[in-house]
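Okay, here's what each chain looks like letter by letter:
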Amino acid sequence: MAAGARGGTGRGDRGRVRRPLIGALALTTAVDLGSLAADWDPGHLVAKPLLMPLLAVYAAVCGAPRLLIAALLFGWGGDTLLLLDAEPAFLAGMASFAAGHVCYIVLFLRYGTDRATVRARGGFLAVVYTVLLAATVQSLWPDLPADLRIPVAGYSVLLTVMAYLAAARMGRLAGIGGVLFVLSDTLIASGVAEWDQLPRPDLWIMATYVAAQSLLVTGTLGERRLPGAAYGEVRSTTP
């Protein structure tokens, strides 16, 4: 009983920490998206770099593995670098996001549903994501600057693999998060290719991006299992 009481207190303490973090993340997201909608750059410049650190702290409080936290921090690096209006910063930001996708890929391969479930839905999803990748790269390729074609194509492969594994191994929420991440980055790439854009394109990019990262965190925390562990067993905080 004493051990159970201590565990219950710990969960209660974590709950009291999580609620303010959720509130802070929601407020920061609202400020960022509102600033983009109003074309108020100072609000975006302040709010955007706070989003992923807040989400990373929330994930850590929830007992997330280090790989998940690392993916979010690499996302923060990419967010910050993309605020700089220069091609070297764009390439560095893309590299930071790519490192985050590698963290997600390793995480999803290590934690996830059983192999039978993956076989049941993985084949169909693999075809869908492969076709999506090929069509996107083929469409963007002629309109991208020559020096960005290979980096964008390589990044697109990592992004698509991440999204596929999220859907195949981590469940519905993470799968939707992966799709939204693909959509957000495709919007960025279409801007680089100078395609016609929606009004306030940065607003749609950030809205889909924040939703993507939030769903990847929520889905991973809800679906991941230790290899060989029983359903409902306490999850590890290590990668």
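This text goes with the structure placed above it.
Described in the following lines is the structure provided in the data block. Bear in mind the structure is a predicted one, so any value in this text is a computation, not a measurement.

Going through the model one piece at a time under the given rule, you end up with 1 salt bridge. Among the salt bridges present, the one from Asp-39 reaches Arg-200, with a minimum N-O distance of 3.8 Å. Here Asp-39 is found in the loop between α1 (2-37) and α2 (41-61), whereas its partner Arg-200 is found in the loop between α7 (172-192) and α8 (201-223), with 161 residues between them in sequence.

Attention now moves to the side chain of Thr-220. For Thr-220, the location among the structural elements is in helix α8. Judged by relative accessible area, which is 0%, Thr-220 ranks as buried. Those residues in contact with Thr-220 that lie beyond four places of it in its chain are Leu-68, Leu-107, Phe-108 and Met-170.

The next point concerns the packing of aromatic side chains. All told, the structure shown has 5 aromatic pairs when counted by the stated rule. Plain terms: the ring middles of Phe-97 and Phe-181 are 6.4 Å apart, the flat faces sit at 85° to each other, and that makes the pair edge-to-face. Placement of the pair is Phe-97 in helix α4 (residues 87-110) and Phe-181 in helix α7, with a sequence separation of 84 residues. Ring geometry for Tyr-129 and Tyr-164: centres 6.3 Å apart, planes at 70°, overall edge-to-face. In this pair, Tyr-129 sits in helix α5 (residues 115-140) while Tyr-164 sits in helix α6 (residues 146-169), placing the two residues 35 residues apart along the sequence. Its relative accessible area of 8% is what places Tyr-129 among the buried residues. Taken together, the ring pairs connect Phe-97, Phe-181 and Tyr-209 into an aromatic cluster.

A rise of 1.5 Å per residue sets the reference length of α2, with its 21 residues, at 30 Å; its end C-alpha atoms lie 31 Å apart and thus fit the reference within 8%. Considering bend angle alone, the principal kink of α2 is centred on Leu-51 and spans about 30°; proline Pro-53 follows within four residues of it. Looking at α2, one finds that the buried residues are Gly-43, His-44, Ala-47, Lys-48, Pro-49, Leu-51, Met-52, Leu-54, Leu-55, Ala-56, Tyr-58 and Ala-59. Directly after α2, the chain includes Gly-63, whose backbone phi takes a positive value near 85°.

Glancing now at the nonpolar core. Formed by 55 residues in total, the largest nonpolar core has its most connected members in Phe-108 and Phe-181. Among the secondary structure elements, those contributing two or more residues to this core are α1, α2, α3 (66-82), α4, α5, α6, α7 and α8. Sort the elements by how many residues they give to this core and α6 lands first, with 11 residues. Those residues in contact with Phe-108, other than ones at most four positions away along the chain, are Met-162, Leu-165, Ala-166, Arg-169, Met-170, Leu-216 and Thr-220.

About the thresholds
- Throughout this document, residue positions are counted from 1 along each chain, in the order its sequence is written.
- This being a predicted model, a pLDDT of at least 70 is required before a residue's local features are given, and a value of 80 or more before pairs of side-chain atoms are given or counted; all residues contribute to the totals for chains, interfaces and linings.
- Side-chain numbers here rest on the full set of heavy atoms in the structure, without hydrogens or water.
- By convention in these notes, a salt bridge is any Lys or Arg side-chain nitrogen within 4 Å of a carboxyl oxygen on Asp or Glu.
- Segments assigned H or I by DSSP are reported as helices when at least four residues long, segments assigned E as strands when at least two residues long, and all are numbered from the N terminus.
- Think of it in three bands: with a 1.4 Å probe and only protein chains considered, a residue is buried below 20% of the maximum accessible area for its type, exposed above 50%, and partly exposed in between.
- Contacts are assigned to residue pairs that have any heavy atoms within 4.5 Å of one another.
- The rule is short: rings of Phe, Tyr and Trp, with Trp giving its six-membered ring, pair when the centres are within 6.5 Å, and they are stacked under 30 degrees, edge-to-face over 60, tilted in between.
- Multiplying one less than the number of residues by 1.5 Å gives the expected span of a helix.
- To get the bend at a residue, fit one axis to the 7 residues ending there and another to the 7 starting there, then take the angle between the axes.
- Buried Ala, Val, Leu, Ile, Met, Phe, Trp, Tyr and Cys residues that are joined via side-chain atoms within 4.5 Å together make up what is termed a nonpolar core.

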